[in-house]
Amino acid sequence: MAAACHDCYRKCGKSAGGVDPNVLDKLEKGFAQLQTSNSKSLLKKYLTRPLFEELKNKKTSFGSTLLDCIQSGLANHDSGIGVYAPDADAYTVFSKLFDPIIEDYHLGFTKNDKHPPSDFGDVKTLGNVDPGGKFVISTRVRCGRSLEGYPFNPCLTEAQYKEMEKKVSTTLTELTGELKGRYYPLTGMTKKDQQQLIDDHFLFKEGDRFLQAANACRFWPTGRGIFHNDNKTFLVWCNEEDHLRIISMQQGGDLGAIYRRLIEGVQSIEKRMKFSRHPRLGFLTFCPTNLGTTIRASVHIQVPKLASNYKKLEEVAGRYNLQVRGTRGEHTEAEGGIYDISNKRRMGLTEYQAVKEMHDGILEIIKHESAA
Ligand SMILES: Nc1ncnc2c1ncn2[C@@H]1O[C@H](COP(=O)(O)OP(=O)(O)OP(=O)(O)O)[C@@H](O)[C@H]1O
Ligand SMILES: NC(=[NH2+])NCCC[C@H](N)C(=O)O
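For every chain, the first residue of its written sequence is number 1, and the numbers climb from 1 along that sequence. Written order determines the labels here, with chains lettered from A and ligands numbered from 1. For a predicted model such as this one, the threshold for reporting local features is a pLDDT of at least 70, and the threshold for listing and counting side-chain atom pairs is 80 or more; totals across whole chains, interfaces and linings nevertheless cover every residue. Computation of side-chain values: all heavy atoms of the structure, hydrogens and water removed.

Q: Please explain the site of ligand 2 as it appears in this structure.
A: What makes a residue near a molecule or strand is one non-hydrogen atom of that residue sitting within 4 Å of it. Around ligand 2, a shell composed of S79, G80, I81, G82, Y84, F210, E241, C287, T289, N290, E330 and H331 is seen. With respect to ligand 2, the backbone of G82 contributes an N or O atom lying 2.9 Å from an oxygen atom. Only the protein chains shown count as covering a residue, and every accessible area follows the Shrake-Rupley method with a 1.4 Å probe. Here ligand 2, which alone exposes 340 Å², has 92% of that area covered by the protein. Side-chain classes are defined by residue name, with Ala, Val, Leu, Ile, Met, Phe, Trp, Tyr, Cys and Pro counting as nonpolar, Asp, Glu, Lys and Arg as charged, and the others, Gly among them, as polar. Along the lines of polarity and charge, the residues of the shell around ligand 2 split into four nonpolar, six polar and two charged. Pairing of N or O atoms within 3.5 Å defines a polar contact, subject to two protein rules: one partner must be a possible hydrogen donor and the other a possible acceptor, and residues neighboring in sequence count only if both atoms are side-chain atoms.

Right, here's the structure in full:
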């Protein structure tokens, strides 16, 4: 029997009952195209024909279908992953697709594993990854959070976006000390200011085709915005990919200081708002790559000798469970030889271990560069 639709989904047009024939048609066509493509996505790797048949008629309690989960990967064959969870229930209803993708991306977190409790660890043990200031340009640690009681982007109504932005901005303006700052809604921000914030690596980009195809940019720019302190070392994104992205960053390699600020920020916000946490998956996020700790700790780094052979740089980074991105983040190229290197996995380890993984790996990469 088809699950009944959640109230708000009727408002956003999702029907109760079986999967719509139009949706099934799109699924069939998109699946056939993906099969014959040379896509390297985890979606293509794990969505076999028998699994497709098993999942194509399922719906979550929010009315979301398999198409809602995979449409980004169907539209973008160059996706690395290709799936998003339109709502928290999708991780359960479509678990036969999400579980192997999670296991692959998070380097062995199996469907029988349980994400450990949150533990930020002993921050005193983390220092500067590049005390000589020769390699690391800047360091950033971010995490994602979802507000309890709200689904993810594709299922949010315009009214919910506005309500969430109000809650988030009001809460953030209560922060004090180093975290004290202001919320800047995207609505009304000049294009020049927006572009400057993007160019300076503080703000999310606009028009991400992976998110757009996932139906995650509806009502844009309503409900989206950025909070930051005066120094722009503590920032919170509202309603881009996740409800909240909490970020600590600064020039240089002082990971310890940056991580301490992140913890202080997260804990101050957690005192004031309730976030969705799953008993097995940890903190819940829209993309399965961001579950668990949700932590991505990165450096912007110049390692010209290693990077003269990009394949080699990726291979060395991979040895330490690190991922290499371009200067403007995911799906971008390196500019001026600056790479973004971060911990890849976020599940099956604590927050401290995720950050430590980046810390230790970067020390090794610097060793390789110095010896090259
Ligand atoms: N160490 C860093 N120093 C300065 N800027 C950084 C650093 N790491 C990431 N950034 C910037 O953060 C912005 C967002 O990057 P990106 O979208 O790749 O990652 P993210 O915010 O962690 O989220 P996601 O992994 O979901 O894409 C980009 O402008 C990127 O250049
Ligand atoms: N921001 C993210 N969630 N990144 C991970 C995946 C991004 C995109 N959907 C892909 O598959 O390539």
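Q: Explain the site of ligand 1 here, please?
A: Looking at ligand 1, there are 20 residues lining it, with S138, R142, S298, R325 and T327 nearest. In this structure, an oxygen atom belonging to ligand 1 sits 2.6 Å away from a side-chain N or O atom of R142. Taking 620 Å² as the accessible area of ligand 1 by itself, protein coverage stands at 94%. Secondary structure elements follow DSSP: runs of H or I of four or more residues count as helices, runs of E of two or more count as strands, with numbering from the N terminus. Breaking the shell around ligand 1 down by element, the ones donating at least two residues are β1 (136-145), β5 (244-251) and β8 (296-302). Looking at the shell around ligand 1 residue by residue, the classes come out as three nonpolar, eight polar and nine charged.

Q: So what exactly am I meant to see when it comes to the nonpolar core here?
A: Soluble globular proteins tend to pack their nonpolar side chains together in the buried interior. Put simply, buried Ala, Val, Leu, Ile, Met, Phe, Trp, Tyr and Cys residues joined by side-chain atoms within 4.5 Å make one nonpolar core. To sort residues, take the accessible area from a 1.4 Å probe on protein chains only and compare it with the maximum for the residue type: under 20% means buried, over 50% means exposed, and anything in between is partly exposed. Counting 56 residues, the largest nonpolar core has V141, I246, Y259, I269, I301, I341 and I362 as the members making the most contacts within it. When residues no more than four places from it in sequence are discounted, the contact partners of V141 are I246, I247, S248, L255, I258, Y259, L262, I295, R296, A297 and V355. Judged by nonpolar contacts, the second largest core, of 41 residues, contains L66, Y84, I102 and L291. Between two residues, a contact is recorded if the distance between any of their heavy atoms is within 4.5 Å.

Q: Looking at this model, I keep getting lost on unusual backbone geometry. Mind explaining?
A: Most peptide bonds adopt trans geometry, and most residues besides glycine take a negative phi value. Cis geometry marks the peptide bond from W220 to P221, where omega comes out at 5 degrees. Phi is positive for N215, which is not a glycine, with a value near 70 degrees. Mapping N215 onto the fold places it in the loop between α10 (209-213) and β3 (225-229). Its relative accessible area of 32% is what places N215 among the partly exposed residues. Positioned with a positive phi, T294 is a non-glycine residue whose angle comes to about 65 degrees. With respect to the element layout, T294 can be found in the loop between β7 (282-283) and β8.

Q: Just checking my understanding: could you explain the sheet that holds strand β9 (residues 322-325) for this structure?
A: Two strands in a sheet stick together by hydrogen bonds in their backbones, pointing the same way (parallel) or opposite ways (antiparallel). Paired strands are those between which DSSP finds at least two bridges. The strand order across the open sheet formed by eight strands is β2-β3-β4-β5-β1-β8-β10-β9, and the pairing between neighbours is antiparallel. Edge positions in the sheet fall to β2 (181-185) and β9, since each has one partner strand and no second. Here the strands of the sheet are splayed against their neighbours by 20 degrees on average, with no regard to which way each runs. Pairing of β2 with β3 involves five bridges; the strand directions are antiparallel. Along β3, the bridge assignment pairs R182 with H228. Between N-to-C directions, angles span 0 to 180 degrees; the directions come from axes that are lines fitted to C-alpha atoms, helices contributing only their stretch in contact. Along the sheet face, helix α14 (residues 351-371) touches β1, β8, β9 and β10 (338-343) and points at about 15 degrees away from the line of β8.

Q: What is the right way to read the environment of K312 from this model?
A: Inspection of the secondary structure assignment puts K312 in helix α13 (residues 310-319). A sequence separation of 230 residues divides K312 from G82, and the C-alpha atoms of the two residues are 26 Å apart. Leaving out residues up to four positions away in the same chain, K312 has contacts with L306 and R319.

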